[in-house]
Structure formats: C-alpha cells, structure tokens
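An overview of the molecular structure
Each chain, written out:
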Amino acid sequence: MQHRGSGVADQRRLRGRYRLHRRRPAMTSPSTTGVRTRFCPSPTGMVHVGLLRTALFNWAHARHTGGTFVFRIEDTDASRDSEESYRHLLDSLRWLGLEWDEGPEVGGPHGPYRQSERHEVYREVAQALLAAGHAYESFSTNEEVEARRLAAGQDPKLGYDNADRFLTDEQKAAFRAEGREPVLRLRMPDEDLTWTDLVRGEIRFAAGSVPDFVVVRANGVPLYPFVNPVDDALMGITDVLRGEDLLPSTPRQLALYAALTDIGVASGAPRFGHLPYVTGEGNKKLSKRDPQSNVDVYRERGFVPEGFANYLALLGWSIAEDRDVFSMAEMAEAFDVTRVSANPARFDLRKAEAINATHLRALPVEDFTERVVPFLARAGLVADPPTAEQRRVLGAIAPLAQERMIVLSDAVGLLGFLFVEDVEVDPAAAAKQLAGPEAAEVLDAAQTALRELPDWTTAAIETALKEALVEGLGRKPRQAFGPVRVAVSGRTVSPPLYESIELLGRERTLARLAAARVAVPG
RNA sequence: GCCCCCAUCGUCUAGCGGUCCAGGACGCCGCCCUUUCAAGGCGGUAGCACGGGUUCGAACCCCGUUGGGGGCACCA
C-alpha cells in the first residue's frame, strides 16, 4: 500500500479532492448517495458475532444507499494485536460476503487503512489542535485529580476536573522542571451536546457532564477516542454505525469533530447510529469469553454464510412483517438503518439453526455437494478431492440428505455409513431397534430377501423388503424398517432406506445385516 | 455514586393514535403426510412491565415508578 504525504495541509488537499459533501442529519433514502460507512475493528483475537453483525449493518447501509463501505484496521495496540487475527478478520468478512470498497488489500484513495501506518497523521492533527487552542497540555496526575475532588467533597468517579485548562507558561515550565510530561486534552464546549441518533432519535448530554479528555498520552501515543474520529474525518465517513457501548463517548467525538472542522480537517460531524447489543443467556452482552460468541464455531459447524448472515440481520432488523428468510441482496435492497430496533437482541442458536437449514435446502444440489465435501474429507470419509466412486455416491445421496441437515457438518453423521467398510452402530440406536426377538426376525428375513435379489435397484429392494417384512412377517412399516435402517446406517436417522441400500451395495448391506443379527441379545 | 440507553408472546420481531379482543418467525404441543428421523402442510399455546396523564380514542404521545443493560482510563 502506498504511503502518501501526511501533513495537515496535505490531508486537507486530499480531502478537498476526494471527499463528498456531508449531509445534515436526515432520514436516509435510496436516492441519497455519497454515504460512506466504515467497519473498524482492532485485530485482537477471535471474531465476535456482535462485531460481525455491526459489519453486516454497515455493509447493508452502504449497499442500500449506493454508498461506499470502508474497512479500516485499528491496530494501535501492539501488545494485543496480532497479524494472525488481522488475517482472520479479513477472512471472516469475506466468508460472510461483506466485500469492502476501500481498505486492506483493496486500497483506495484514503489509505493507508491500518492505523499502525498512520502515526504521522495523528501527530500532525494533534499539533494543529494544540496550536488552535482546542487542545491543551495537562499535567495533573490521577492522584492529584482525585485528591482535589475529594477535597471539594465530590465523587472522585467524576474524573478529571478541567483544572489545567488555563495554565500559564510559567506554570507549565515549572511542571516540566519537575520532570513532568503533559498529556494533550481536548477542551470540551460549554454547551449541551446532542445528536439525532439513526436508531435512537434525539440524544442529549448536559454541558459539563463530560470532562476534557486525553487525546495524546504523555509519551506521545494518540488514543482511540482521538484517532478514530480523525480517521473517520479524513476518510470522509458520513455514517457511523457502531455498538451501543460507544454511545457514551459520542459527546466527546462531537466536540472533537467541531474542533477538527474548525481547523479544516473535518467538515462537520457524521451521523451516528448506535446498534443494540447482542446478548447471550441472561441479558448480559455476549461476552468474548462465551464460546457462543465466536463466529468460527458456527463456521466450523457448517453454517453457510447465506444462513448466518440472514440470522445476524434478524438481530435488530426485520425485512417485513411476515418474512424472515432472505438473501444478502434482498437485505441490501431493503435495509433501512432508521428501522433498526434499539432493543438488545438475544442470540438464539435454535433460530439460527432453523434459518440456516432453510438456506441449506435452498442451495442447488451441486453447490450443496461441493460444500459438504470438505466436511466429509476432514472427517476422513472421502478423499480430497473425492474419488470418482465417491463422487458418484455423493451425487446420488446429496439431494436426499440435503433436506435432513441443519448444518454442513451433519453430513458426517448422516452419510458416513456410505463411505466406510463397517458401520459403527450408535449404541442408543441399537438399544432402540436392535433389541428383542422381533428385530432378529426382521434381520433374518431382510437378509433372505436381499441375498438373491436379481436386480439391485431401489425399486426392487423396496418391493423385496416390503414383501418380506410387511407382508411376510406382518410387521408395521416402522417396526419392519427400523432395525434394517439401524443395521445398515448405524443410526435411527438416515437418508431414505432403499436408496441407501442400493448405494451401499449387496455385499456391505448383507454383511451389516448379519453383524447386527449377531449383536442382537438373546 | 454519576451519566446514558432499553422495555410487545420463553426468544427475535411487526406495530409508527382508531383497520389490534396485537401479526410473523424460532421453540413447544397436537393432527395430516409417511419406510424411521427429518422436511412439508394444517391447527394450537403464549405477550403490550406498572401508575398517572394527553386524547372522542393509546401497544403506539408525555411524565413518573419499577426492572434490565451499558459507560464513566494516559484500553480499543
């Protein structure tokens, strides 16, 4: 990625060149263009479902408005960031189908898109803020602030008391003489800070309720509440959709934007939309420690991106009164941020599975088959790529298996019996279907019926088994076929029986019936 | 403690003053179909937190209460 000049004047020029006009807070409409949204995670560990939902909504908002979706990496914390989780982030976004228009590996006119490559920019902007008097040097230590609040009979939790706002040069010099280095704080305005939140409407913070905050550390390292808006401004972000947890920091950002606008780095504040939390069991926000919050878990279980994205979208948004299954394209078409719910949404695994199952069934069979292969291969059931014979079996069984699965990994348990020499019979299934003398009779009759069957076809197998078991033994279908199914597939749930037997072939079928017969107690 | 957000079936939601004795989905429970299990079809179960207003009329507007959640770093 190219690094360009980064002086403030440079930035101003660049912005003048690339930036689109900012709009006043207003409800979005499809005809409005120039919307620029962004997704800006920090690469510290696993990808959280709430994080991905935020990305999805930003993507959808950009696509719906014909705008631009920007991806920026906030890797300013070297101790927690890792290249591995950076790669993983890109991979997860792409997996879900969230292609970004500007960002890492794609480039764009506002790069670089990794904060670790933008230090110069922040330094310049901070200096400009200081020079213009919007920021000032502050020498107070936390201990001193706390002591002052206590002395004034106030709650120390109130934080910094703006005491260093009007330090004279002599005072500053004295502090420096003591060996102190100042932090840079932004001077908060003396008026209420309000905005019209895209999802929550009017929000107001009283003047004086937010203290002057640190913008650059004493050691010169800029802080998140500073670099984040600076990058947004420089990248021309018009709509900030982020988690509700950042709502309380919005007043500070508004103040920063006012200052940035004054010095020509920004032109007004973006619109903000604070998305509700995704919660887990209970009502607590889904913790990073909760295994349910890790997107990889779903991916590895074989959720398809279409299904997972669909479910994620349902966490706070609905496409219509009587519908909840839709594609990404349909979402982009219909998405309206102002209709996102402000309520926290509980991640409901059962519903996620149901939505996924629907998408799985809607897949063209060939597509479905392709997606199942890696799961079977990983389980050691088929070669990768599968052999011609394995392909033949897969092609035949896939359409029958498709509607019986919820996630792709279900294929391992459902189809495994077709790709091994001997089945391992599920003990619970055996207990249920391979117990008493009735089962033994059924297995004997089935072996007899199939042993000399001239045509090894589904139709012939069906006729033979029905004649032998239903008519011959007078069994009800469920009693007749239950033991056979378990003997052959090892489970009580399998693809349709006759087709399965045909695919399995005479030899393995008879061997399994015999093995099951021997295993029947008594 | 201070500030902020939220409040419709168990869960996710529709509802943006009358068409709501509140609609859909997941779950759950029946029934049908059926070679098991699913899938599919049909039906059922269950909700506007509470109290005041405003209004001819309130799930929808306002205030309060209660309850839940979040934020208050030289972390992102």
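Placed above this text is the structure.
Notes on the structure in this doc start here. Bear in mind the structure is a predicted one, so any value in this text is a computation, not a measurement.

The rules behind the values
- Residues numbered from 1 in each chain as written.
- Chains lettered and ligands numbered in written order.
- Predicted model: local features only at pLDDT ≥ 70, side-chain atom pairs only at ≥ 80, totals over all residues.
- Heavy atoms only, no water.
- Helix = DSSP H or I, 4+ residues; strand = E, 2+ residues; numbered from the N terminus.
- Contact = heavy atoms within 4.5 Å.
- Near = heavy atom within 4 Å.
- Polar contact = N/O pair within 3.5 Å; in protein donor to acceptor, adjacent residues only side chain to side chain.
- Nonpolar A, V, L, I, M, F, W, Y, C, P; charged D, E, K, R; others polar.
- Buried < 20%, exposed > 50% of the residue type's maximum accessible area, 1.4 Å probe, protein only.
- Salt bridge = Lys/Arg side-chain N within 4 Å of Asp/Glu carboxyl O.
- Axes fitted to C-alpha atoms, helices over the stretch in contact; angles between N-to-C directions.
- Parallel < 35°, antiparallel > 145°, perpendicular 65-115°, else oblique.

With that settled, the discussion passes to the environment of Pro386. Looking at the element boundaries, Pro386 is found in the loop between helix H13 (365-378) and helix H14 (388-402). Linking Pro386 and Phe417, residues 31 residues apart in sequence, is a C-alpha distance of 16 Å. Among residues more than four places away in sequence, those in contact with Pro386 are Val373 and Arg391.

The environment of RNA strand B is made up of 55 residues, and the closest members are Arg200, Arg217, Asp324, Arg339 and Thr492. Backbone atoms, meaning sugar and phosphate, make up 70% of the atoms of RNA strand B lying within 4 Å of the protein. Note that a phosphate oxygen of RNA strand B is positioned 3.3 Å from one of the backbone N or O atoms of Arg346. The backbone of Thr492 places a nitrogen or oxygen atom 2.3 Å from a base oxygen of RNA strand B. Across the surface near RNA strand B, the residue classes tally to 20 nonpolar, nine polar and 26 charged.

To continue, consider the side chain of Arg118. With respect to the helices, strands and loops of the structure, Arg118 is situated in the loop between helix H3 (83-96) and helix H4 (119-131). Using a relative accessible area of 2% as the deciding quantity, one classes Arg118 as buried. A polar contact is formed between the side chain of Arg118 and the backbone oxygen of His110, at a distance of 3.4 Å. A polar atom in the side chain of Arg118 sits 2.8 Å from the side chain of Asp231.

Of note, the amide linkage connecting Gly111 to Pro112 takes the cis form, showing an omega dihedral of -5°. Residue position: Pro112 is located in the loop between H3 and H4. Look at the link from Asp384 to Pro385: it is a cis peptide, with omega at 5°.

Inspection of the entire model under this criterion finds 35 salt bridges. Across the pair Asp91 and Arg299 runs a salt bridge, and its minimum N-O distance is 3.0 Å. Residue Asp91 is found in helix H3, and its partner Arg299 is found in helix H9 (residues 295-301); the two are separated by 208 residues along the sequence. Judged by its relative accessible area of 36%, Asp91 falls in the partly exposed class. With a closest N to O distance of 2.8 Å, Asp161 and Arg148 form a salt bridge. Highlighted residues: Asp161 in the loop between helix H5 (142-151) and helix H6 (169-177) and Arg148 in helix H5, separated in sequence by 13 residues. Residues participating in the shared-partner salt-bridge network are Arg38, Arg72, Glu74, Arg118, Asp231 and Asp232.

Contact pair helix H2 (residues 49-65) / helix H10 (residues 305-314): the axes reach a minimum separation of 9 Å and the direction vectors enclose 85°. Relative to H10, H2 is oriented roughly perpendicular. Here Val49, Leu52, Arg53, Leu56 and Phe57 of H2 come into contact with H10, specifically with Phe308, Ala309, Leu312 and Ala313. Class assignment for the residues of the contact of H2 with H10 results in eight nonpolar, no polar and one charged.

Take it as geometry only, folks, not as evidence of what the structure does.
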